[in-house]
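# Summary of the model geometry
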Amino acid sequence: NQVPAVRLNNGTSMPQLGYGVWQVPDSEAKKAVSTALEAGYRSVDTAAVYGNERGTGKALAASGIPREELFVTTKLWNGSKQRWGRDETLRAFDESLGKLRLDHVDLYLIHWPRPMRDDFLTIWKTFEEIAASGRARAVGVSNFRPEDLERLREVSPLVPAVNQIELHPLFPQAGLRALHASLGIATEAWSPLGQGKELLGLPAVVAVAAKHGRSAAQVVLRWHLQLGNVVIPKSVTPSRIRENLDVFGFELDAEDLAALDALGAGGHRIGPDPAVFD
Ligand code: NAD
């Protein structure tokens, strides 16, 4: 397949485009992930809290694709009314591996910083152990703010390989992207299509799509790829799963990129604010 690889700061590579499975029920995950793998995706983004690691694991096992060609991400759900320590973290990681039927994942992320709990430093120290054991080829974070990344830097020599954040033309995250670049952290965009709502119908997006004879989703994905973001669009519709991967046969020019960049000025989050999400 034509998906470029992004080199992470520990030397491993990650496909720049993968398949996200948030909101796919476990009973449908095997079918959806199988469709994506057949279409040519090799990277899958799940999380303990999505409740579909089992279905995802079934699809990975049934695919017959060699493990080294797959890139599997899951995330620690550090949220059950307690502060998470080393034991809870290791137990949760074991559970995820078991459900996925894997002996290692390619990327393990802290799902949210939950700064009010003040436990992500302990979790990160445990992630260092997990990384050292080889059971996660890379470790990273999700929804971390600049101040959260700074706190990690104070306690750990291990720089997150990735920060997976809400990012799309309506919420372009210029500040975090620049910070990531300076720290050697790859930027991964969640809800890259803005959850398929308002964004894909905006006149600016529709106009760029018409100019290239492509769909709105495809030009938004191109915008991400040309910025250097890793993207993980989600769909359960086979034609859209394929469409979202078919984004390597054209390029946006400076004018198109500027038209999409301009949407950021009036932009806003769709998802929760990491400062208060618990
Ligand atoms: P998305 O931006 O990928 O949008 C998905 C929705 O867009 C689909 O449900 C569908 O309605 C629509 N869509 C998809 N392809 C389309 C197409 N070609 N044409 C028209 N409409 C299309 O939203 P998402 O699922 O929120 O984000 C993607 C992935 O990011 C998730 O599945 C998950 O893996 C990850 N994620 C992570 C976090 C986090 O906190 N780390 C939060 C949200 C999502």
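Just above, that's the structure.
This section reports on the structure supplied with the text. (Residues numbered from 1 in each chain as written. Predicted model: local features only at pLDDT ≥ 70, side-chain atom pairs only at ≥ 80, totals over all residues.)

Counting its secondary structure elements, the protein chain contains 11 helices and 10 strands. Radius of gyration (C-alpha) of the protein chain: 18 Å, near the 19 Å computed for a compact globule of 278 residues. Along the first, second and third principal axes, the C-alpha atoms of the protein chain reach 55 × 40 × 35 Å. When burial is assessed residue by residue, the protein chain has 46% of its 278 residues classed as buried. When contacts within the protein chain are restricted to residue pairs at least 6 apart in sequence, long-range pairs at least 24 apart make up 74% of them. (Helix = DSSP H or I, 4+ residues; strand = E, 2+ residues; numbered from the N terminus. Rg over C-alpha atoms; globule rule 2.2 N^0.38 Å. Buried ≥ 20, exposed ≤ 12 C-beta atoms within 10 Å, placed from the backbone. Contact = placed C-beta atoms within 7 Å.)

Not every one of the 26 residues close to the ligand is listed here, only the nearest: Gly20, Trp22, Leu193, Gly196 and Lys234. The residue inventory of the shell around the ligand, partitioned by class, reads 9 nonpolar, 13 polar and 4 charged. (Near = placed C-beta within 6 Å. Nonpolar A, V, L, I, M, F, W, Y, C, P; charged D, E, K, R; others polar.)

Sheet strands line up and pair through hydrogen bonds in the backbone, either parallel or antiparallel. Spatially, E3-E4-E5-E6-E7-E8-E9-E10 is the arrangement adopted by the 8 strands of the open sheet, whose pairing is parallel. The strands lining the two open edges of the sheet, one partner per strand, are strand E3 (19–20) and strand E10 (230–231). Relative to strand E4 (residues 43–45), E3 runs parallel, the two sharing 2 bridges. Bridge pairing in E4 places Gly20 opposite Asp45. Contacting strand E5 (71–76) and strand E6 (105–110), helix H3 (residues 86–100) crosses the sheet at an angle of about 140 degrees to E5. (Pairing = 2+ DSSP bridges. Axes fitted to C-alpha atoms, helices over the stretch in contact; angles between N-to-C directions.)

The contact between helix H8 (residues 203–212) and helix H9 (residues 216–227) brings their axes to 8 Å, and the two run at 95 degrees. With respect to each other, H8 and H9 are oriented roughly perpendicular. On the side of H8, the interface is formed by Val205, Val206, Val208, Ala209 and His212, while H9 contributes Ala216, Val219 and Val220. In the contact of H8 with H9, the residues fall into 7 nonpolar, 1 polar and no charged. (Parallel < 35°, antiparallel > 145°, perpendicular 65-115°, else oblique.)

Taken N-terminus to C-terminus, the directions of helix H1 (residues 26–39) and helix H2 (residues 53–63) make an angle of 35 degrees; their axes are 7 Å apart at the nearest point. Note on packing geometry: the crossing formed by H1 with H2 is right-handed. Contacts between H1 and H2 involve Asp26, Ser27, Glu28, Ala29, Lys30, Val33, Ser34 and Leu37 from the first element and Arg54, Gly55, Thr56, Lys58, Ala59, Ala62 and Ser63 from the second. Residue composition of the contact of H1 with H2, grouped by class: 5 nonpolar, 5 polar and 5 charged. (Left-handed = near helix turned anticlockwise from the far one by under 90°.)

Purely spatial values, then, with no claim about function.
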